[in-house]
Amino acid sequence: MLEIKNLSVTYPNNVKALEDVTVSIPSGKLVGVIGPNGAGKSTLLKGALGMVNRSGSVAFEGEPIEKIQQRIAYVEQKGNLDMDFPITVLQCVLLGTFPKLGWFKRPGKQEKEISMDALKRVGMEEFANRQISELSGGQFQRVLLARTLAQDAVLIFLDEPFVGIDIKSEGIIMDQLFKLRDQGKTILIVHHDLTKVGKYFDGLILLNKRLVASGEVDEVMTHDNLAKVFGEGAFTDIGGN
Ligand code: ADP
Ligand code: MG
C-alpha cells in the first residue's frame, strides 16, 4: 500500500498547490489521478517523491518512501523532458538499469539484454540505435516505458503519458501497464481524459488542491463529484454515471 498522509505543498511563490491530502493506494492497482488544470496532480506525484518541499508523510509497504527510491520509476509530464538530449534509444533504456547496477559500474551484456527485451515489449527494438530526438512523441513515450521496465520498478508514476501521442503507442503502453499491474506493481497515472478512465483504471483519485474523492472508478465518477471539480456540463459526454 502507498499511504499518503496529510500531504501539503506550498511553492516558494506562496501558491498552495496541495492541502492536506490523505489517500491510500492498494498495491497492485492501476490508479488514475484526475482533476482540472492546476489541481495539483503533478504536485501530488512530486510531493510523494519528495521532489518538492512538502509536509506530511508518504510510506510504501509501511516504510518511508525514500527507502525504495531505486525501485520507483517516474516519468515527468511531457514538455519538461529534454528530447534533444544526445543519446540513443538503447542508452536511454539502459539508464533504467543504473540504480541496480550501482553508479560506478558500466552496463554490460546482461543490462543490454534486459534493455533490448524491454524495447521489444514496447515494439521499439528496431529503433535501438536511433537518437531519441528522431522519435515521435508516442515512440518516445514507449521508450520511457521501456526504461521503466528495465528498471524493474515496484512503484510507477507517470504524468500525463498519453498527451499528444498516437493511438497505437497508447494501446501498447496500456497493455504493458496492465501486465505490470498484474505482476503486482503499483501504478499511478495522471490523466485528464475522462472518457477512458473506466477502461484504464482500477481506481481513481479526484483532486482539486484537496482530495475530492478516491476509490473505485464508479464511486469516484459521480455526477456530484465531477460537477464539484469540473463544473456542471463537463460530464455530459462521459456516459454512464
Ligand atoms: P496540475 O498538474 O494538476 O495541472 P500542478 O501540480 O502542476 O497542477 O500545479 C498546481 C499549482 O501549483 C498551479 O497553480 C501551478 O501554477 C502551481 N505550481 C506548479 N509548479 C510550481 C512551481 N515550481 N513553482 C510555483 N508554482 C507552481
Ligand atoms: Mg500537471
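Computed from a predicted structure; not experimentally measured.

A.B. asks: Quick question: what am I supposed to make of the coordination of the magnesium ion (ligand 2) here?
C.D. replies: A metal bound by six donors in octahedral fashion has ideal angles of 90 or 180 degrees, whereas one bound by four tetrahedral donors has an ideal angle of 109.5 degrees. Coordination of the magnesium ion (ligand 2) by the protein is provided by Ser42 (OG) and Gln77 (OE1), with metal-donor distances spanning 2.1 to 2.5 Å. With Ser42 in helix H1 (residues 41-49) and Gln77 in the loop between strand S6 (72-75) and helix H2 (89-94), the pair connects residues that are 35 residues apart, well separated along the chain. Owing to a relative accessible area of 25%, Gln77 belongs among the partly exposed residues under this scheme.

A.B. asks: It is not clear to me how the site of ligand 1 should be interpreted in this structure. Could you clarify?
C.D. replies: Near ligand 1 the following residues occur: Tyr11, Asn13, Val15, Ala17, Pro36, Asn37, Gly38, Ala39, Gly40, Lys41, Ser42 and Thr43. In this structure, a nitrogen atom belonging to ligand 1 sits 3.5 Å away from a side-chain N or O atom of Asn13. For ligand 1, an oxygen atom lies 2.5 Å from a polar atom in the side chain of Thr43. In the complex, the protein chains occlude 63% of the 560 Å² of accessible area that ligand 1 would expose alone. Of all the elements, H1 adds the most residues to the shell around ligand 1, at three residues. Of the residues contributing to the shell around ligand 1, the split by class is five nonpolar, six polar and one charged.

A.B. asks: How should the sheet that holds strand S5 (residues 63-64) be read in this particular structure?
C.D. replies: Through backbone hydrogen bonds, the strands of a sheet pair up, either in parallel or in antiparallel fashion. Ordered in space as S2-S1-S4-S5, the four strands form an open sheet in which the pairing is antiparallel. Here the strands that pair on one side only, and so sit at the sheet edges, are strand S2 (16-25) and S5. Strand direction decides the pairing type here: strand S1 (residues 2-10) and S2, joined by six bridges, are antiparallel. Paired with Glu3 across the bridge in S2 is Ser24. Against the sheet, H1 engages S1, S2 and strand S4 (55-60), with an angle of about 110° to S1.

A.B. asks: Explain helix H5 (residues 137-151) to me, please; I cannot follow it from the model alone.
C.D. replies: Residues three or four positions apart in an α-helix share a direction because the helix packs 3.6 residues into each turn. With 15 residues, H5 ought to run about 21 Å at 1.5 Å a step, and its terminal C-alpha atoms sit 21 Å apart, in line with that. Positioned one or two residues after H5, Asp152 has a phi angle of 55°, which is positive.

A.B. asks: Would you explain the packing of H5 against helix H6 (residues 167-182) in this entry?
C.D. replies: Relative orientation of the contacting elements H5 and H6 amounts to 15°, with a least axis distance of 9 Å. The angle between H5 and H6 places the two elements in the roughly parallel class. Here H5 and H6 pass one another in a crossing that is left-handed. Between H5, through Gly138, Gln139, Gln141, Arg142, Leu145 and Leu149, and H6, the contact on the second element is made entirely by Lys168, Ser169, Ile172, Ile173, Gln176, Leu177 and Leu180. Across the contact of H5 with H6, the residue classes tally to six nonpolar, five polar and two charged.

Cut-off values and rules
Residues numbered from 1 in each chain as written. Chains lettered and ligands numbered in written order. Predicted model: local features only at pLDDT ≥ 70, side-chain atom pairs only at ≥ 80, totals over all residues. Heavy atoms only, no water. Donors = N, O, S within 2.8 Å, 3.2 Å for Na, K, Ca; no water. Helix = DSSP H or I, 4+ residues; strand = E, 2+ residues; numbered from the N terminus. Buried < 20%, exposed > 50% of the residue type's maximum accessible area, 1.4 Å probe, protein only. Near = heavy atom within 4 Å. Polar contact = N/O pair within 3.5 Å; in protein donor to acceptor, adjacent residues only side chain to side chain. Areas by Shrake-Rupley, 256 points an atom, 1.4 Å probe, with all protein chains shown as cover. Nonpolar A, V, L, I, M, F, W, Y, C, P; charged D, E, K, R; others polar. Pairing = 2+ DSSP bridges. Contact = heavy atoms within 4.5 Å. Axes fitted to C-alpha atoms, helices over the stretch in contact; angles between N-to-C directions. Expected span 1.5 Å × (residues − 1). Parallel < 35°, antiparallel > 145°, perpendicular 65-115°, else oblique. Left-handed = near helix turned anticlockwise from the far one by under 90°.

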